[in-house]
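# Analysis of the macromolecular model
Take a look at the letters that make up each chain.
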Amino acid sequence: MSFLSASLDRVKPSPTIAVTTKAAELKAAGRDVIGLGAGEPDFDTPDNIKQAAIAAIQAGKTKYTAVDGLPELKRAICDKFARENGLEYQPNQISVGTGGKQTLFNALLATLNPGDEVIIPAPYWVSYPDMVLLAGGEPVAVQCPMEDAYKLTPAALEAAITPRTKWFVFNSPSNPTGAGYSRTELKALTDVLMRHPHVWVLSDDMYEHLVFDDFEFCTPAQVEPGLYERTLTCNGVSKAYAMTGWRIGYAAGPVPLIKAMAKIQSQSTSNPCSISQWAAVEALNGPQDYIRESRAVFQRRRDLVVSMLNAAPGVTCPVPEGAFYVYPDISGCIGKTSAGGAKIADDEAFAAALLEETGVAVVFGAAFGLSPAFRVSYATSDAALTEACSRIQAFCGGLS
Ligand SMILES: Cc1ncc(COP(=O)(O)O)c(C=O)c1O
């Protein structure tokens, strides 16, 4: 029998990390590589937030805190939900974890039994299915093709629900497509969920603030108050305030679920870093200018990348509502041969040949559960994006 656990066998290593590692190897070997794989803002954490962390260290706020968050941070999170989402939560309905990732994982571990199903619209953030598998559940991916703007339709949601469905995972704006659901589109989904009272909603609002044009962000418990009692609303400071390394995420929901999540955290990591928690208090309570400024930069980059990718032969790139990703379809490239002689049998082969022949690193669509496509993260400089997209155009132009 293997020394390693059977549940580990169900999980695959992260394909996004594999791409980043391969790109780093080529770079170390002296190749000119442009990485479009990273899922984090390229900006520095705002200064007021850094200063709050320094002040916390100097004031000796460097000890254990309450397992699932400082009272001051829970208060700031309640205020954020009331102010930005029209959602009333009490501090005992809030859980703070080491990144959004930990709060999501806690929620799944606290609730899934073998055979429980979790509906995940595809393309999806790579961690959802593997977290479900690690927690003993069954991920149920539902295809959301480009023709539907990469969004789940009410009919597809209805068809995916079974008596075993425990959670529906909702992520808008989405990683990897940037697709954001309007209030009307979301209401159509929540109407379906109202007919199935055994299904809980896990809303991952991590990219809430990265929305463009006049798109209005909304979240399920806000759009359908009837779902409040069975919704876990998840969010964090990583993407909104360029704080990926600080590791603070949070969730709000019914007290028994929040207590169960704290129980898991109390026997695994205990509290998230005390200094990061004080920094997050400042992020949520302090000036919000960074959000507006970074949004303008990302919108400009989105427009640049979408127009350049649409000029690449065989590539179709929809215009996403938010996040810092685009997810171009490459149906027109499959079955061809690259200038370097690589057979482009699928999107994994496309990404491998693109990296090998042009030095541009992107993540292939199969990693996110919908092919043939690839994900570009445009959280990098305009100059790097322009150069990378020119190389993609040349690569696609050379396919025959
Ligand atoms: C959709 C989505 N949810 C959650 C997370 C996790 O964020 P954190 O860095 O706070 O753990 C990410 C990070 O990439 C993400 O893309």
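Residues numbered from 1 in each chain as written. Predicted model: local features only at pLDDT ≥ 70, side-chain atom pairs only at ≥ 80, totals over all residues.

For the protein, an unreviewed UniProt entry supplies the name Aminotransferase and the organism Allgaiera indica. UniProt, in its Sequence similarities (unreviewed entry) section for the protein, records the words "Belongs to the class-I pyridoxal-phosphate-dependent aminotransferase family." UniProt, in its Catalytic activity (unreviewed entry) section for the protein, records the words "L-aspartate + 2-oxoglutarate = oxaloacetate + L-glutamate". (UniProt positions renumbered as here; feature names shortened; annotations may be inferred.)

Most of strand β3 (residues 117-122) is tucked away, with six of its six residues classed as buried. Where burial is concerned, the two faces of β3 agree: the one with Glu-117, Ile-119 and Pro-121 and the one with Val-118, Ile-120 and Ala-122 are both buried. Pairing analysis gives six bridges linking β3 to strand β4 (residues 138-143), with the strands arranged parallel. Paired with Ile-120 across the strands is Ala-141, a residue of β4. Note on the crossover from β3 through helix α6 (residues 127-134) to β4: the handedness is right-handed. Inspection of the sheet shows β3 paired to strand β5 (residues 165-171) by three bridges, in the parallel sense. Within the sheet, the bridge partner assigned to Glu-117 lies in β5 and is Thr-165. (Buried ≥ 20, exposed ≤ 12 C-beta atoms within 10 Å, placed from the backbone. Helix = DSSP H or I, 4+ residues; strand = E, 2+ residues; numbered from the N terminus. Pairing = 2+ DSSP bridges. Right-handed = clockwise from strand over helix to strand, strands pointing away.)

So, on to the sheet that holds strand β12 (residues 374-377). Spatially, β9-β12-β11 is the arrangement adopted by the three strands of the open sheet, whose pairing is antiparallel. Edge positions in the open sheet fall to β9 (325-326) and β11 (363-364), since each of these has one partner strand only.

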